[in-house]
Amino acid sequence: MMSEPFSELFDELGRIEQRLSDEGPGPELVEELGALRAQADEWMENWLVLEDRIAELCERFGLDLDLDASPINHENAPSNVAPETGPISPAPYPPKPEGSDGISMVWHIPPHLDSEALVRTFRKGIGFFDLWMYQEAAEELEKVLKQTGDFPVVRLYLALAYIARGRGREAEPHLQILLSTEQSPWILTSVRHARAHVYAEQGRWREAAEDLVLAVEGGRGVPILHYNLAVALIRVGDWERAIEELINVLEVDSRDEEAWLVGIAVLKRLGRFRLAISWALHGYRLLPDSWRIGKELAILLDYFGRLEEAARIWKRLLRLQPRDPDLWSGWGWTRWRQGDRLSARGAWKKAASLDGKAGQVLLYLGWAALEVGDRIGAWRYLERAEQDETVKNAAHAAMGWIAKAKGQGAGSLSCRNGPAEVGPQELDSKPSGHGY
């Protein structure tokens, strides 16, 4: 049964639709339609706040409140979400020392560096580094280090330039010297962060985590240190501690989209779907233009059977990103679950037109074709879906089913539950990351 607020909205929409049919478009009706949309948006925004507060109360008082009976078997809920992030930043930039404006401070130049030409070379190297011109930076800094020998800041930036160029092994001896000789908390924090980056590149995630724990202790709440520690902890399977580090990131910067996304993925991996939806609601309220957080929220709402809310968010997201095939796929899945087969197939065809290799969408279209008895069309979609490794087994199984039914002389095939036989892969979505 449709709730009263929605009944009123749809009644008003029906009245406007009838007038449009009778009178044709006009300024007055356009204004009324705009007002209706504003009213619906206000309802949705109030619902988001209410849902967030309910989730917060459940979390604060340890309540296990199941607000909706989900049509999905929670025991078989996907739990293999594993954020795959890799080092994409050019190099771990060192935190600025407290009370300074960074490398431009005069005290960074040691007293014995009295050659004007050498000072220019030093500053040129740092300038190249700031411009991400790491090869040129390394060449200039190498010149300075050869003449000074014990200039820690040059050694640090030279190591970072090596790392940025993918030459982590050349950076390691410099980092080791700094760890053995330096007392400056700023330099030690930067060195441990840099060495963790090298370990991450080599797949040595436990060692990276160990260095990052020490870097965090000396970094005084620098968000990127907490974020990278969270990623390292995820890679070694310490999901609970990863969440704690992501909370530390968000306490400093509540608008860090990546931290919200990785946190949602980690909570899904832990099977804590109620808390995941709370994160998604909170993140989406803070970042209403984030279509990626909105997508996670719509997926979770769909998962819990809140199909009207999920559909509304999908539509809003499609206004933000009308050419994103994943959004069309998710919108189609929710419409299918609502029983609107025509809209679902239309959405999936749109998604396939935007990404002809999207295996999940092709799999959906295959099942949809089977439901109406179109074995030839279904086979064509499934053949294309089979090329995508993520759904290859499911597509192959469906094709085997068709072949078996054909051999038995079945006149037509229909799929009782449609794509639900396979399940939406969107719940396994993996966020992209920054840092490591």
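Being a predicted model, the structure only gives us computed values, none of them experimental. (Residues numbered from 1 in each chain as written. Predicted model: local features only at pLDDT ≥ 70, side-chain atom pairs only at ≥ 80, totals over all residues. Heavy atoms only, no water.)

This next bit is on the confidence of the model for the chain. Here the chain shows a mean pLDDT of 78. Residues at 70 or above account for 75%. The element-level mean pLDDT for the chain is lowest in helix α2 (residues 27-61), coming to 69, with helix α13 (residues 291-303) highest at 95. With pLDDT under 50 throughout, residues 94-109 is counted as low confidence; its partners more than four residues away or in other chains account for 32 contacts. Ignoring residues within four places in sequence, the model shows residues 410-434, a span with pLDDT below 50, making 77 contacts including any to other chains. (pLDDT = per-residue confidence, 0-100. Helix = DSSP H or I, 4+ residues; strand = E, 2+ residues; numbered from the N terminus. Contact = heavy atoms within 4.5 Å.)

For the rest of this paragraph, the subject is the packing of aromatic side chains. Applying the stated criterion across every chain yields a total of 10 aromatic pairs. Pairing F122 with F151 gives two aromatic rings, centres 5.1 Å apart and planes at 40°, and the pair type is tilted. With F122 in helix α3 (residues 116-130) and F151 in the loop between α4 (134-148) and α5 (152-164), this residue pair connects regions lying 29 residues apart in the sequence. For F122, a relative accessible area of 2% corresponds to the buried category. On the accessibility criterion, F151 (2% relative accessible area) is buried. For the ring pair W260 and W279, a centre distance of 5.3 Å and an interplane angle of 75° mean the geometry is edge-to-face. (Phe/Tyr/Trp six-rings, centres within 6.5 Å; stacked < 30°, edge-to-face > 60°. Buried < 20%, exposed > 50% of the residue type's maximum accessible area, 1.4 Å probe, protein only.)

Tallying each qualifying case throughout the model produces 20 salt bridges. Across the pair R19 and E23 runs a salt bridge, and its minimum N-O distance is 3.1 Å. Taken together, the residues span about one helical turn, with R19 and E23 both in helix α1 (residues 4-23) at a distance of 4 residues. Given the relative accessible area of 52%, E23 is considered exposed. One salt bridge in this structure joins R167 and E170, with 2.8 Å as the shortest N-O distance. (Salt bridge = Lys/Arg side-chain N within 4 Å of Asp/Glu carboxyl O.)

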